[in-house]
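One-letter residues, chain by chain:
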Amino acid sequence: NTLLSLAARARASCLYRELIAARSRLMTERRAGVVAREVQRGLARQVDRVNYASIIDAENFQEIRGRLVPGKEYRLLASVRLAGIHLIDNLPIRIS
């Protein structure tokens, strides 16, 4: 993001890293709410504010808090504020 300083850009990379780590975590922990809270805690240590981190059903965009079903597609979403800038990211998830 061009609005961020070089130092803030380096910090902003935590958003993608946390999503990648969560996707890996979902291979063993199938409870969406547990993983979403882990993402929130991880981001909270690195950004100014976490707006949300959640897992949604990719078909109907409903938030999932319970167990993820193998074979379905989901998206992991996160939104943070860093150095006064609102950043969002998402990552596709398919549970096998």
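An account of the accompanying structure is given in this report. None of the values given here were measured: they were computed from a predicted structure. Within every chain, residues take consecutive numbers counted from 1 along the sequence as written. With pLDDT at 70 or above as the cut-off, local features in this predicted model cover only qualifying residues; side-chain atom pairs require 80 or more to be listed or tallied, and sums for whole chains, interfaces and linings still use all residues. Hydrogens and waters are ignored; side-chain quantities use all the structure's heavy atoms.

As a further point, take helix H2 (residues 32–44). Strands are runs of DSSP state E lasting at least two residues, helices are runs of H or I lasting at least four, and both sets are numbered from the N terminus onward. Between the first and last residue of a helix there are one fewer steps than residues, each counted as 1.5 Å, and that sum is the expected span. Helix length check: H2 (13 residues) gives 18 Å between terminal C-alpha atoms against 18 Å at 1.5 Å per residue, within 8%. Only protein chains enter the accessibility calculation, which uses a 1.4 Å probe; a residue whose area is less than 20% of its type maximum is buried, one above 50% is exposed, and one in between is partly exposed. The complete set of buried residues in H2 reads Ala 32, Gly 33, Val 34, Val 35, Ala 36, Val 39, Gly 42 and Leu 43. Of the surrounding secondary structure, the elements contacted by the buried residues of H2 are helix H1 (6–25), strand E1 (49–57), strand E2 (63–64) and strand E3 (73–82). A contact between two residues is defined here by any heavy atoms of the two lying within 4.5 Å.

Moving on, we come to the pattern of salt bridges. What counts as a salt bridge is simple: a side-chain nitrogen of Lys or Arg found within 4 Å of a carboxyl oxygen of Asp or Glu. Going through the model one piece at a time under the given rule, you end up with seven salt bridges. Glu 29 serves as the salt-bridge partner of Arg 25, at 4.0 Å between the closest nitrogen and oxygen. With relative accessibility at 32%, the residue Arg 25 sits in the partly exposed group. Relative accessible area serves as the criterion here: at 9%, Glu 29 is assigned to the buried category. For Glu 38, the salt bridge goes to Arg 25, with nearest N and O atoms at 3.1 Å. Taken together, the positions of Glu 38 in helix H2 and Arg 25 in helix H1 put the pair 13 residues apart, joining distant regions of the chain. Glu 38 sits in the partly exposed class, given a relative accessible area of 26%.

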